[in-house]
Amino acid sequence: MKKTLFFLLLIFSLNIQAQNLTAHKAVVAGLNNYMEFIHQSTHTLYLMQNDLQSFNQDLLHKLLHPNSSLTFDKRDYLNDHLYYFLTPPEIYDISVNTLLPISSVEKDSLNKQLYRLKFLIEMLDITIGFIDTYVKDSLYLTDSSFSKAFSYLNASVLYFDNYLSAWKNMVNLIERIAAKYEVVDLQNPYIKTSVAMDSLFDVVYLISDAARIGDTNSVRLFLPLLENQIDKLEGKAEFYLNGATSYGRSNGKDPFNRYDNIIFDAKAELAHTKSFLKPTLYPNYSEKIYGKDYYFYNQKFINKFNRHGLGMAYEYNSFADNSNHFVLKKAQIPQTFKVLFPPEPIQQVVTQTNTDTLQPYSLAGAPANNLVFLLDVSNSMSHPLKLPLLKDAIKFLISQMRDYDYVTIVTYSGDAQIVVDNISAHYVDSLNFVIDNLKSSGTTNLYKGVKLAYKSANNNYISSGNNRIILATDGDVKINSKIKRISRNNSDKIILSVFYFSQYDNNFDKLSALSKIGKGNCVKITEDNIKTIIINEAKGD
């Protein structure tokens, strides 16, 4: 009887382990699709950065030599298979449609973060399109000191910076989900190797990020950790990969060969780290013009890590591809972008045809803005005097705002999402493009929208600034206790105002009560008053 019970328990335990391992493999395989989008879009970022840097230097050359030519050739990095086996949009579709044995909340979070990365890459592609038109249509001939061109380059910096932030959030989310479903089967040589290498990759991430911001003290602190990890792993391929199939060291797919290549690249990263910590007596051209931090981060550390340099992450991910999806891939590191300006400041040319008309709308003396537009884009807002009217008003406001005024746009229709995340009003063309492409669809879900809007407003809070959410709706919404509680809990820092787009009064009272909780205004919007109202909100009135 005891032997029978023992064998039954053993079989039950083995079944549970098998089920966990199956779930683990499915989760890792699905998450690796998301990682693949990160890899392809990060490679897109690298290609775009090269073009932008080249254009930037051509601009400076033309300023010094006016008779020189100015050329630019925009390439379709997002859709051309010349650069990838699968393009970023194709991998995006695969990722969001992947069936993962995880919770719906986790899947939803993954897709939102993925959309954010996709959106930023697309916005960067659009901005580069502006540059292409600027050059091909010879618009630079009438642009004093190329101020428009430099505004496009500045906008690109913003998208690179936002991508880096979104990339960190996405990678952290993927790793958290993977850890939740992790099965550490150290009998599997691929899992055993990946566990052993985790700390090596962690310290390389830390060093490159510290170098990016010029944190020399942290780089110096991490240096011995990197040396220690390399010492632990070097020459140990046979130990960690014991049981893995070898294809011969000359075969690129051989796991032992991949292992050795990772260690080789890690030693190159170690050499770069030591060089970064030494004073540079005779810096090369790139280091001299861009600065040590930017140069080492983009051209040294990332080159020995990412795909374009056949670096550590590239080798590791190729290793993971041959491991039957037991191994979560490593995220390649995004480039950053820096604009080189001419020695003398660029004189901005401002054309103001009707001073008397524009004067009442001036924001002179108003506090810095952290404005979050929370827009109802449900079907009921499609009327010309609703969403289309609001879009024109927001574009007008942006034309009057200052570089230190920031705009966020959150839409809610069935679900809520951030379409513009804390972008300076300086980037008028990019903001206008996004606003023009807002469309009405679906039904409203105000709670999710309010929650996301307050989160964004708090994340981008400006001390002594005008931190304000403008909720725009035609009133066809449900205001529950959760919405009121969020507004009440944040009312000391964030103001909530309501723009009401309806000729009927049936929902005005409850929206007015919500605005009072948020210590803001509730106004019926018409074609005649919208410009004045929206400017007053930006003034902090």
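Residues numbered from 1 in each chain as written. Predicted model: local features only at pLDDT ≥ 70, side-chain atom pairs only at ≥ 80, totals over all residues. Heavy atoms only, no water.

Novice: Lay out the pairing of strand β3 (residues 415-424) in plain terms, naming residues and giving numbers.
Specialist: Counting buried positions along β3 gives eight out of ten residues, so the element sits mostly inside the fold. Direction of pairing for strand β2 (residues 406-413) relative to β3: antiparallel, over a ladder of seven bridges. Looking at β3, one finds that Tyr406 is bridged to Ser424. (Buried < 20%, exposed > 50% of the residue type's maximum accessible area, 1.4 Å probe, protein only. Helix = DSSP H or I, 4+ residues; strand = E, 2+ residues; numbered from the N terminus. Pairing = 2+ DSSP bridges.)

Novice: Can you lay out the environment of Thr87 for me, pointing to particular residues and giving the numbers?
Specialist: Among the secondary structure elements, Thr87 is positioned in the loop between α1 (2-64) and α2 (88-96). Through-space distance from the C-alpha of Thr87 to that of Tyr77 is 8.4 Å; in sequence the pair is ten residues apart. Residues within four places of Thr87 in sequence aside, it is in contact with Leu78, Asn79, Asp80 and His81. (Contact = heavy atoms within 4.5 Å.)

Novice: Describe the pattern of salt bridges, naming the residues involved and giving the relevant values.
Specialist: Enumeration according to the criterion identifies 21 salt bridges in this entry. Its salt-bridge partner being Glu106, residue Lys180 comes within 3.1 Å of it at the nearest N-O pair. Taken together, the residues Lys180 in helix α4 (residues 147-180) and Glu106 in helix α3 (residues 104-136) connect sequence positions 74 residues apart. Residue Glu106 is classed as buried on the basis of its relative accessible area, which comes to 12%. In this structure, Asp198 engages Lys330 in a salt bridge whose closest nitrogen and oxygen atoms are separated by 2.8 Å. On the criterion of sequence distance, the pair formed by Asp198 in helix α5 (residues 189-212) and Lys330 in the loop between α11 (312-321) and α12 (355-358) is long-range, its members being 132 residues apart. Its relative accessible area of 9% is what places Lys330 among the buried residues. Within the structure, one salt-bridge network assembled from shared partners comprises Glu36, Asp321 and Lys329. (Salt bridge = Lys/Arg side-chain N within 4 Å of Asp/Glu carboxyl O.)

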